[in-house]
Amino acid sequence: KISETGSSDRPLINDMLRMLTKRVSNETGSLTFQGNLVEKSGSVKIAGLDATFGIAISDVSIMNIDSVGDPLHIFSPVPGKGMNGILDNTISFGADSRRFGIQGNILLSLHDGADMKLHNKMSLTVSFRNFFLVA
């Protein structure tokens, strides 16, 4: 049923994604995760460099999740290979010129305990005209 089209002539999965994203992030079509999602640190010793490093990924948003279009295949047997249990799972995002996107912040740091103290915070946004998820 999720691949059937509704009144918008788009798969019904978009309606489910709109409800889910509104419930989770209070924003239709987007998922937002505030704060740190990943925070790791460690040490590195390479060619005379003895330093600590850190990486953090935070404040991530996934936009236009509700832009599913064609192709959309979920648990579809692959022709000629169905007897082997091979299934096609393909989801296409970015229908109707609604770009699928991911944005967030990345923090990279490197300190050697002496003179080197790198601390770079970057805001990154990636936008896709067509994004295919194949599993």
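Computed from a predicted model, the values in this text were never measured in an experiment.

Now for the pattern of salt bridges. Following the criterion strictly, the structure yields three salt bridges and no others. Where arginine 18 meets aspartate 15, a salt bridge forms, and the shortest distance between an N and an O atom there is 2.8 Å. One end of the pair is arginine 18 and the other is aspartate 15, both in helix α1 (residues 13-25) and three residues apart, which spans about a single turn. Taking the relative accessible area as the measure of exposure, arginine 18 reaches 26% and is therefore partly exposed.

Taken as a whole, this structure holds five aromatic pairs when the rule is applied. Pairing phenylalanine 100 with phenylalanine 128 gives two aromatic rings, centres 6.4 Å apart and planes at 35°, and the pair type is tilted. Here phenylalanine 128 lies in strand β6 (residues 117-128) and phenylalanine 100 lies in strand β5 (residues 100-111), a separation of 28 residues in the sequence. Ring geometry for phenylalanine 128 and phenylalanine 131: centres 5.0 Å apart, planes at 50°, overall tilted. Residue phenylalanine 128 is classed as partly exposed on the basis of its relative accessible area of 26%.

Cut-offs applied
Residues numbered from 1 in each chain as written. Predicted model: local features only at pLDDT ≥ 70, side-chain atom pairs only at ≥ 80, totals over all residues. Heavy atoms only, no water. Salt bridge = Lys/Arg side-chain N within 4 Å of Asp/Glu carboxyl O. Helix = DSSP H or I, 4+ residues; strand = E, 2+ residues; numbered from the N terminus. Buried < 20%, exposed > 50% of the residue type's maximum accessible area, 1.4 Å probe, protein only. Phe/Tyr/Trp six-rings, centres within 6.5 Å; stacked < 30°, edge-to-face > 60°.

Everything listed here is a matter of coordinates, which is why it stays silent on function.
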